[in-house]
Amino acid sequence: MAILVTGGTGKTGRPIVQLLHKGGHSVYVASRSGKAPQPHTGVQFDWADSATFEAPFAAASAANETITAVYLVCPNLPDHSAIAKIVNSFIDLAITKGVKRFVLMSASAIVKGGPGTAGQGFVHEHLDKIGADYVSLRPTYFMDNFVESFPNVTVKTQNVVLSAAQDARIPFVSAEDISKAAVEALTAEKIAHKDLLIGGPDFLTFDDIAATLSEVLGRSIVHKKNTQQQQEADLIKLGVPEGVAKFLSAMDAAFTTGEEEKRFQAGNTWTGSQTFKAFVEAHREAWDA
């Protein structure tokens, strides 16, 4: 089985590629550079250039292989409907090239037909309409955001965790666990659920997050409980693009209703095994001042 991983050098793409290789699968790693670490095959692929859409299939054909599954990470562009048109056109092409299954990286708050941060809801809707064999993976808040995104900055420089989620309980999940779910979806003989929520083993508040960081790092980390407007303003100050800041702040605010906890208690869920404490212990150097 040959599998194409778009966003193959990204947060979830990297571990997915590694897990697939360990499982004996032939992997094509799509990126704008076209480069991939050995022993993987890199292919040049750019969502902004449809002329590159044929490249993965040409590379597979040259190796006497057929790509039968694709991991989809949508590009982050301002116009969500335009993103969906681009990604959907690639999906339609991929089907003509022999692709049988698509695994879409989405998010817990993004429903089928909704825009999301990068048009994922529209892509989800297209996959459903055309009758594709697919899974829309909808993970909740990434633990890894505390290492690779704005939360890392505020913890390192201010000993503060920012949120507008108040006392909401969220099943924070690691990219490592999300990647395991993605590999299962890409390689399973049959798909059990097309719309799958991905969470971690524990429901935690941001107060819990701050307490765990304090315990492991050995210094006091506090949770600043923002309003939605305060959170948006703080994110923009940190350099988060305004549109993304609005979405993230609104998502936090939605958590205050208990919506995320209810969603995971009622929906089809895949539960990872890594606890937040274990995650922090494994990455503690990321918060060294």
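Structural data are supplied above this passage.
It should be emphasised that the depicted structure is a prediction, and the values quoted were computed from it without experimental measurement. (Residues numbered from 1 in each chain as written. Predicted model: local features only at pLDDT ≥ 70, side-chain atom pairs only at ≥ 80, totals over all residues. Heavy atoms only, no water.)

## Some remarks on the packing of aromatic side chains
Alright, step 1. Enumeration according to the criterion identifies 16 aromatic pairs in this entry.
Alright, step 2. Taking the centre distance of 5.2 Å and the plane angle of 75 degrees together, the rings of Phe 45 and Phe 90 count as edge-to-face. Separated by 45 residues along the polypeptide, Phe 45 in the loop between β3 (41-44) and α2 (55-62) and Phe 90 in helix α3 (residues 80-96) bring together distant segments of the chain. Residues Phe 45 and Phe 90 agree in their burial class; the two are buried.
Alright, step 3. Taken together, the ring pairs in this structure connect Tyr 141, Phe 146, Phe 172, Phe 206, Phe 276 and Phe 279 into an aromatic cluster. (Phe/Tyr/Trp six-rings, centres within 6.5 Å; stacked < 30°, edge-to-face > 60°. Helix = DSSP H or I, 4+ residues; strand = E, 2+ residues; numbered from the N terminus. Buried < 20%, exposed > 50% of the residue type's maximum accessible area, 1.4 Å probe, protein only.)

## Observations concerning the sheet that holds strand β8 (residues 195-199)
Hydrogen bonds between backbone atoms are what pair the strands of a sheet, whose relative direction is either parallel or antiparallel.
Alright, step 1. Pairing within the open sheet is parallel, and its eight strands lie in the order β3-β2-β1-β4-β5-β6-β8-β10. Where the open sheet ends on each side, the last strands, each with one partner, are β3 and β10 (269-271). Here the strands of the sheet are splayed against their neighbours by 25 degrees on average, with no regard to which way each runs.
Alright, step 2. Sheet contacts for helix α1 (residues 13-22): β1 (2-5), β2 (26-31) and β4 (67-72); angle to β1, the most-contacted strand, approximately 170 degrees.
Alright, step 3. Taken strand by strand, α2 contacts β1, β2, β3 and β4, and its axis lies near 140 degrees from that of β3. (Pairing = 2+ DSSP bridges. Axes fitted to C-alpha atoms, helices over the stretch in contact; angles between N-to-C directions. Contact = heavy atoms within 4.5 Å.)

## A few points about unusual backbone geometry
Alright, step 1. You will see that Asn 159, though not glycine, has its phi angle at about 55 degrees, which is positive.
Alright, step 2. Mapped onto the secondary structure, Asn 159 falls in the loop between α6 (150-158) and β7 (160-163).
Alright, step 3. Backbone geometry places Gln 166, a non-glycine residue, at a positive phi of 55 degrees.
Alright, step 4. Residue placement: Gln 166 occurs in the loop between β7 and α7 (175-187).
Alright, step 5. The class for Gln 166 is partly exposed, based on a relative accessible area of 29%.

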